[in-house]
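Observations on the three-dimensional arrangement
Given next are the chains, with one letter for each unit.
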Amino acid sequence: MPKFTLAKPIDMSGGFKDFFDTIGLTGGGLVTKGIAAVIAIIALRMLLQLSSDPKGALRKGSMAVGTLFVAVVLALYGDTLFSTVTNPQG
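If you're wondering where the values come from, they're calculated on a predicted model, not measured in any experiment.

Rules used throughout
- Sequence positions are assigned chain by chain, starting from 1 and proceeding in written order.
- Residues qualify for local features only when their pLDDT is at least 70, as the model is predicted, and side-chain atom pairs are given and counted only at 80 or more; totals for whole chains, interfaces and linings, by contrast, use all residues.
- Remark: hydrogens and water are excluded; side-chain values derive from all non-hydrogen atoms of the structure.
- Helical segments are the DSSP runs of H or I of at least four residues, strand segments are the runs of E of at least two, and each set is numbered from the N terminus.
- Between buried and exposed lies partly exposed: a residue is buried under 20% and exposed over 50% of the maximum accessible area for its type, with that area taken using a 1.4 Å probe on protein chains only.
- Note on definitions: a residue-residue contact is assigned when non-hydrogen atoms from the two residues lie within 4.5 Å.
- Method for areas: the Shrake-Rupley scheme with a 1.4 Å probe, in which residue coverage is limited to the protein chains shown.
- Per residue, pLDDT captures the predictor's confidence, and it can take any value from 0 to 100.
- Think of a patch as exposed residues, more than 30% relative accessible area, with no salt bridge, where like charges cluster within 9 Å and nonpolar side chains (Val, Leu, Ile, Met, Phe, Trp, Tyr) cluster within 5 Å.
- One speaks of a salt bridge when a side-chain nitrogen belonging to Lys or Arg is within 4 Å of a carboxyl oxygen belonging to Asp or Glu.

Along its length, the chain carries 3 helices and 0 strands. Across the 90 residues in the chain, those meeting the buried criterion constitute 16%. Considering only intrachain contacts with a sequence separation of at least 6, the fraction spanning at least 24 residues in the chain is 47%. Of the roughly 7400 Å² that the chain leaves accessible, carbon and sulfur atoms contribute 70%.

If you want it as structure tokens, here you go:
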């Protein structure tokens, strides 16, 4: 009977560093994703606390949407943006 394996075994004896290497995150990438998550939660809270005044609600809503956009951009491209600061090229 042939031996069937779904994936090759990975040595995780190095702890968290090995785990984050397998999922493709570094320490800086994990911190960037965490900061983006906190900013997204703040933006959602801003959206939920809109006032009944139409002018104020429009202003606060647009600020919340802008904050949410910053959080999404930071989550997607934050590790690339900050890698140029920590690892200078040239």
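To continue, consider the confidence of the model for the chain. In this model, the chain carries a mean pLDDT of 77, and residues with pLDDT of at least 70 account for 67%. Averaged pLDDT values over the elements of the chain bottom out at 65 in helix α1 (residues 16-23) and peak at 83 in helix α2 (residues 27-48).

This paragraph deals with a nonpolar patch on the surface. Side chains of V72, L76, Y77 and L81 sit close together on the surface and give an oily, nonpolar patch of about 410 Å² of accessible area. Among the structural elements, L76 can be located in helix α3 (residues 54-86).

The next thing to look at is the environment of G34. Relative to the helices and strands, G34 resides in helix α2. Each C-alpha atom, one on G34 and one on A75, is 8.4 Å from the other, the two residues being 41 residues apart in sequence.

Turning to the environment of T67, a few remarks are in order. Its location among the elements puts T67 in helix α3. Accessibility expressed as a relative area gives 23% for T67, which makes it partly exposed. Sequence separation between T67 and L44 is 23 residues, and the spatial gap between their C-alpha atoms is 9.0 Å.

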